[in-house]
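# Residue-level structure breakdown
Residues per chain are reported as follows:
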Amino acid sequence: MFGVARELRKRGVLGLNERNAELIMSLNPRRLYPRVDDKVLTKELALAAGMAVPDLYGVIANQGDIRGFAEIVETLESFVVKPAQGSGGDGIVVITGRSKRKRDAFRMASGLLVSTEELEYHLSNIVGGQYSLSGNRDKAIIEYCVQFDPVFADVSYQGVPDVRVIVYRGYPVMAMVRLPTRASDGKANLHQGAVGAGVDMCEGRTLEGVRENLVVDEHPDTGALIEGLSIPAWDTILESSARGYEVTGLGYLGVDMVIDRVRGPLILEMNARPGLSIQIANQTGLKDRLRLVDREFDAEADPAARAAFARQAFPAA
Ligand SMILES: Nc1ncnc2c1ncn2[C@@H]1O[C@H](COP(=O)(O)OP(=O)(O)O)[C@@H](O)[C@H]1O
Ligand SMILES: [Mg+2]
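Please read these numbers as outputs of a predicted model, since none were measured by experiment.

### Considerations on the coordination of the magnesium ion (ligand 2)
Those donors, Asp 256 (OD) and Glu 269 (OE), are the protein atoms that reach the magnesium ion (ligand 2), and they lie 2.0 to 2.2 Å from it. Taken as a pair, Asp 256 in strand S12 (residues 252-260) and Glu 269 in strand S13 (residues 264-271) lie far apart in primary sequence, 13 residues in all. Of the two residues examined, Asp 256 and Glu 269, each falls in the buried class.

Listed below in structure tokens is the structure:
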């Protein structure tokens, strides 16, 4: 294991100030933010564009709606509760089953039980804005709990891995797979303790993993090798993420997808200010890739053509 951040500085790494000043300011007009900062709206837009998303079971829009929670989940064995305006995995509860003895107690990804009253209290906090980006009141989403593809079984601990793709001016430029760990409690966000693995854009295959700035070749909980996994439906993932550009209008975009074992790739959410640690996971910087897109940019290219470009232009270093 070794620290990769210092090494990377030499390799065209994009810094926070450059990201904010050169990319987000010029490519992401503020008026478009609501499209990605509210997961209910993102879902509607994605569906309208013909993209697959996890089914929405219900929305708790205010404190009064919480009374309807038990009815929404009455027939469900698994589901996910999340703040519509959350980020970084905060406030997300992944319910994977029910207690065998008490039907109104739910099992979380970690295996711990949570009662209906506790979930209602959590919903009240979400609606009150405890997890919202703006600090304002929020809505809670109750949605389908993704059943992840078996390819990831050995490298996930009690949660669903996701694929994050950075899309620049409509072109996918870099990707990582985030693998949940014991610490991340059913979520694949890096700051919750998940492992990030870079991806060879050409083959759709995982590279080494990185966790908190250190290279890891094995999953910390399962011991399975992280490198060399073939991501299923890679073409679809690239093309759907490229389509995120048409859907949002954002020129610098992070698209989060999950791969359901039955439904295939689903869009989870999109981000207007995607983090930069994807460069650490890939042990390579973004700058050269952005420049290449600037040189080759074709305003006529459709999402499939832009996905095909990514496949040939960005093999692993
Ligand atoms: N419907 C779902 N089914 C299973 N896991 C989910 C679901 N939604 C979110 N998760 C887990 O939580 C993580 C964060 O979810 P996401 O919707 O991207 O919210 P955030 O904005 O907080 O990152 C995902 O990467 C995944 O691991
Ligand atoms: Mg996310």
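### So, the pairing of strand S2 (residues 79-83)
Counting buried positions along S2 gives five out of five residues, so the element sits mostly inside the fold. Examined bridge by bridge, S2 and strand S3 (residues 93-98) share three bridges and lie antiparallel to one another. By the bridge assignment for S3, Phe 79 is matched with Ile 95. Two strands pair when backbone bridges link them, and S2 and strand S6 (residues 140-143) are joined in this way by four bridges, in the antiparallel orientation. Counted as the bridge partner of Val 80 is Glu 143 from S6.

### So, the sheet that holds strand S9 (residues 195-200)
Read across the open sheet, the seven strands follow the order S11-S10-S9-S8-S7-S12-S13; overall the sheet is antiparallel. The sheet is open, and its two borders are formed by strand S11 (214-216) and S13, each paired with just one other strand. Neighbour-to-neighbour, the strand axes of the sheet open up by a mean angle of 30°, direction not taken into account. When strand S7 (residues 162-168) meets strand S8 (residues 171-179), the two strands line up antiparallel, connected through seven bridges. Bridging across to S8, Tyr 168 finds its partner in Tyr 171. In the packing of helix H9 (residues 287-296) onto the sheet, the strands contacted are S7 and S8, and the crossing angle to S8 comes to about 150°.

### With respect to the confidence of the model for the protein chain
Averaged over all residues, the pLDDT of the protein chain is 93; the fraction at 70 or higher stands at 97%. Across the protein chain, the secondary-structure element scoring lowest on mean pLDDT is helix H1 (residues 5-9), at 61, and the one scoring highest is S6, at 98.

### Regarding the environment of Val 210
With respect to the helices, strands and loops of the structure, Val 210 is situated in strand S10 (residues 205-211). Among the residues examined, Val 210 registers a relative accessible area of 6% and is labelled buried. Considered as a pair, Val 210 and Ile 278 are 68 residues apart in the sequence and their alpha carbons are 9.6 Å apart.

### Examining the domain arrangement of the protein chain
Under the domain assignment, the protein chain is made up of domain 1 (5-53 + 147-313) and domain 2 (56-143). If you average the C-alpha positions of domain 1 and of domain 2, the two centres end up 26 Å apart. Contact with domain 1, which involves 14 residues of that partner, is made by 19 residues of domain 2. Counting the surface lost from both domain 1 and domain 2, the interface buries some 1400 Å², and carbon and sulfur atoms represent 49% of this. When the buried surface of domain 1 facing domain 2 is broken down by residue, Lys 39, Val 40 and Lys 43 rank first, second and third, together holding 34% of it. Remark: the boundary between domain 1 and domain 2 carries two salt bridges. In this structure, Asp 38 and Lys 139 form a salt bridge, with 2.8 Å as the shortest nitrogen-oxygen distance. Here domain 1 is connected to domain 2 by nine residue pairs in polar contact (both at pLDDT 80 or more).

### Quick notes on the site of ligand 1
The environment of ligand 1 is made up of 21 residues, and the closest members are Lys 82, Gly 89, Tyr 144, Val 160 and Asp 162. Between ligand 1 and Gly 89 there is a distance of 2.6 Å, counted from an oxygen atom to a backbone nitrogen or oxygen. At 2.8 Å, a side-chain N or O of Asn 189 approaches an oxygen atom of ligand 1. For ligand 1, the accessible surface in isolation is 550 Å², of which the surrounding protein chains cover 99%. Elements with a contribution of two residues or more to the shell around ligand 1: S2 and S13. Taken together, the residues that form the shell around ligand 1 break down as eight nonpolar, six polar and seven charged. Counting the residues that make up the shell around ligand 1, at least three belong to each of domain 1 (5-53 + 147-313) and domain 2 (56-143).

Calculation rules
- Residues numbered from 1 in each chain as written.
- Chains lettered and ligands numbered in written order.
- Predicted model: local features only at pLDDT ≥ 70, side-chain atom pairs only at ≥ 80, totals over all residues.
- Heavy atoms only, no water.
- Donors = N, O, S within 2.8 Å, 3.2 Å for Na, K, Ca; no water.
- Helix = DSSP H or I, 4+ residues; strand = E, 2+ residues; numbered from the N terminus.
- Buried < 20%, exposed > 50% of the residue type's maximum accessible area, 1.4 Å probe, protein only.
- Pairing = 2+ DSSP bridges.
- Axes fitted to C-alpha atoms, helices over the stretch in contact; angles between N-to-C directions.
- Contact = heavy atoms within 4.5 Å.
- pLDDT = per-residue confidence, 0-100.
- Domains from an automatic or database assignment.
- Buried area = accessible area lost by both parts, 1.4 Å probe.
- Salt bridge = Lys/Arg side-chain N within 4 Å of Asp/Glu carboxyl O.
- Polar contact = N/O pair within 3.5 Å; in protein donor to acceptor, adjacent residues only side chain to side chain.
- Near = heavy atom within 4 Å.
- Areas by Shrake-Rupley, 256 points an atom, 1.4 Å probe, with all protein chains shown as cover.
- Nonpolar A, V, L, I, M, F, W, Y, C, P; charged D, E, K, R; others polar.

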